[in-house]
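Spelled out, the chains give:
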Amino acid sequence: LGLLPALEGLCDDAAAGLGVPVHARLQPVALNADAELTVFRLVQESLTNVRKYAGAREVWVSVIPEGG
């Protein structure tokens, strides 16, 4: 899939599960496959923590290149 489509799907799934908007600001970044997987897992775990502990009314996920 690639990092950005995978994160879009993850955010869509999280929004459905949380019942609140999950806003995604995603821009292409130059990462190797291992780093992409790490970013995906970090966002995944963060969204899990939001669901378990935050009681959020909305969520923002941003992946942008440095300086962007």
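Residues numbered from 1 in each chain as written. Predicted model: local features only at pLDDT ≥ 70, side-chain atom pairs only at ≥ 80, totals over all residues. Heavy atoms only, no water.

1. Focus on the nonpolar core
Of all hydrophobic cores here, the largest spans 17 residues; its most connected members are Leu7, Val22, Leu47, Val59 and Val61. Among the elements of the structure, α1 (3-18), β1 (22-26), α2 (33-54) and β2 (59-63) are those that each provide at least two residues to this core. With seven residues, α1 is the largest single contributor of residues to this core. Each residue touching Val22, except ones within four places of it in the same chain, is listed here: Cys11, Ala14, Ala15, Leu47, Val59 and Val61. (Core = buried A, V, L, I, M, F, W, Y, C linked by side-chain atoms within 4.5 Å. Buried < 20%, exposed > 50% of the residue type's maximum accessible area, 1.4 Å probe, protein only. Helix = DSSP H or I, 4+ residues; strand = E, 2+ residues; numbered from the N terminus. Contact = heavy atoms within 4.5 Å.)

2. A closer look at α2
In this model α2 runs 30 Å from its N-terminal to its C-terminal C-alpha over 22 residues, within 8% of the 32 Å that 1.5 Å per residue would give. For α2, the full list of buried residues reads Phe40, Val43, Leu47 and Val50. Take α2 and look down its axis: the buried residues cluster within an arc of 85 degrees, on one side only. Opposite its buried face, α2 presents the exposed residues Asp34, Leu42, Lys52 and Tyr53, each directed more than 90 degrees away. In this structure, the buried residues of α2 make contact with α1, β1 and β2. At the N-terminal end of α2, a side-chain oxygen is found 3.0 Å from the backbone nitrogen of Asp34, two or three residues along, and the residue is Asn32. Residue Gly55 follows α2 closely and has a positive phi angle near 60 degrees. (Expected span 1.5 Å × (residues − 1). Arc of directions from axis to C-beta. Polar contact = N/O pair within 3.5 Å; in protein donor to acceptor, adjacent residues only side chain to side chain.)

Bear in mind that shape data such as this cannot, by itself, settle questions of function.
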